[in-house]
Each structure stands twice: as structure tokens, then as C-alpha cells.
Amino acid sequence: MVDHPEKYDYNRAKVPGPLTQEMEAKRLEKKRAQKAQRKQREQAQREEQQRREQEQAEKQRFAALSDREKRALAAERRLAVQLQDTGTTLANISRCWHCGESLLGRIPFHYLDFSFCSTACLQTHRRAQAART
Ligand SMILES: [Zn+2]
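Throughout what follows, the structure given in this document is the object of discussion. Predicted model, so just to flag it, every value in this text is computed and none were measured.

## Quick look at the nonpolar core
Step number 1: Counting eight residues, the largest nonpolar core consists of Cys96, Leu103, Tyr111, Phe114, Phe116, Cys117, Cys121 and Leu122.
Step number 2: Elements that contribute at least two residues to this core include exactly strand S2 (114-116) and helix H3 (119-132).
Step number 3: If we ignore the near neighbours within four places in the chain, the residues touching Leu103 are Ser94, Arg95, Cys96, Pro108, Ser115, Phe116 and Cys117.

## So, the pattern of salt bridges
Step number 1: Inspection of every chain in the model, using the stated rule, returns six salt bridges.
Step number 2: Across the salt bridge formed by Glu29 and Arg32, the nearest N and O atoms sit 3.5 Å from each other. You can see Glu29 and its partner Arg32 sitting in helix H1 (residues 21-64), three residues apart, about one turn around the helix.
Step number 3: The class for Glu29 is partly exposed, based on a relative accessible area of 45%.
Step number 4: On the basis of relative accessibility, which here comes to 51%, the residue Arg32 falls in the exposed class.
Step number 5: With a closest N to O distance of 3.5 Å, Glu48 and Arg52 form a salt bridge. Placement of both Glu48 and Arg52 in helix H1 is noted, with a separation of four residues, approximately one turn of the helix.

## As for the coordination of the zinc ion
Step number 1: The coordination sphere of the zinc ion contains the protein donors Cys96 (SG), Cys99 (SG), Cys117 (SG) and Cys121 (SG), at a distance range of 2.3 Å.
Step number 2: If you look at the zinc ion, its four donor atoms make angles of 106 to 115° with each other, and the shape they trace is tetrahedral.
Step number 3: Of note, the zinc ion draws all its donor residues from one chain, in the sequence arrangement C-x2-C-x17-C-x3-C. Here Cys96 is found in the loop between helix H2 (67-85) and strand S1 (109-111), whereas its partner Cys121 is found in helix H3, with 25 residues between them in sequence. You'll find Cys96 and Cys121 in the same group, each marked buried.

Conventions adopted
Residues numbered from 1 in each chain as written. Predicted model: local features only at pLDDT ≥ 70, side-chain atom pairs only at ≥ 80, totals over all residues. Heavy atoms only, no water. Core = buried A, V, L, I, M, F, W, Y, C linked by side-chain atoms within 4.5 Å. Buried < 20%, exposed > 50% of the residue type's maximum accessible area, 1.4 Å probe, protein only. Helix = DSSP H or I, 4+ residues; strand = E, 2+ residues; numbered from the N terminus. Contact = heavy atoms within 4.5 Å. Salt bridge = Lys/Arg side-chain N within 4 Å of Asp/Glu carboxyl O. Donors = N, O, S within 2.8 Å, 3.2 Å for Na, K, Ca; no water. Tetrahedral: all angles 85-135°; square planar, octahedral: opposite > 155°, others 65-115°.

Next up, the structure:
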């Protein structure tokens, strides 16, 4: 009908009007919108699936920790909350007890429960402790 508008008497044959370009455009537009919606739904499902897998992996990692490690984690969390309450933010609490140097990626020096970046810091701290007692 669109290709041969004059060929037949469409009115007499009671053929409904041709698909105009506008209608065709609307139909395509609707199709595109549906496709976009479907894509969005699939994306959301993928993200949800990823979240579930991550949660599952974390669950297993946590369950595999020793009781000592779980306790340490809980204590760290409590401390972080306490520090936040007092307005102190410390992203890294693994630091030299004497000078505050970060101990991340280092092999710290220990005595008792204390950790230090260097033997100099350790000795200064130990001398101060000894002087106090
Ligand atoms: Zn130090």
C-alpha cells in the first residue's frame, strides 16, 4: 500500500490506512525503549548476582579465619568506632608506638605488645618505660 499507493482502490477494499513513516518511527522508538529497558534489567540482575557472589566469598573467607583473627578483627572494628566517636580518624593503626611511622609493608621491631619502626624507637620507648616504673 505504501509502495503502490495508486495501484488499487484501498478505500473500496476497506484496507486500513498504510503504515505511515511516523507510525513506523513510533514503533521503532517503542522497540528501542523496550530493548533499553531489557538491557537495564539484565544489568541490574548481573550486579545483584555479583553482590551475592562477593558476599558468599566474604562469608567463606571470614569463616576460614581462626578465632584469634576474628577477635582481632572485631577489636579493630570497635577501636575504629571509638576513634570515630572521639573525632580521631586513623585509617592505619599499624604504626610505630614511638614515632607513629607506618609499619605497613615493614617488619616491625617488637617488645612486649609494642611495635616499632626501628631499634632506635624501640630503645627510646623502652627507656621511657623503665624510667616510669
Ligand atoms: Zn618509630
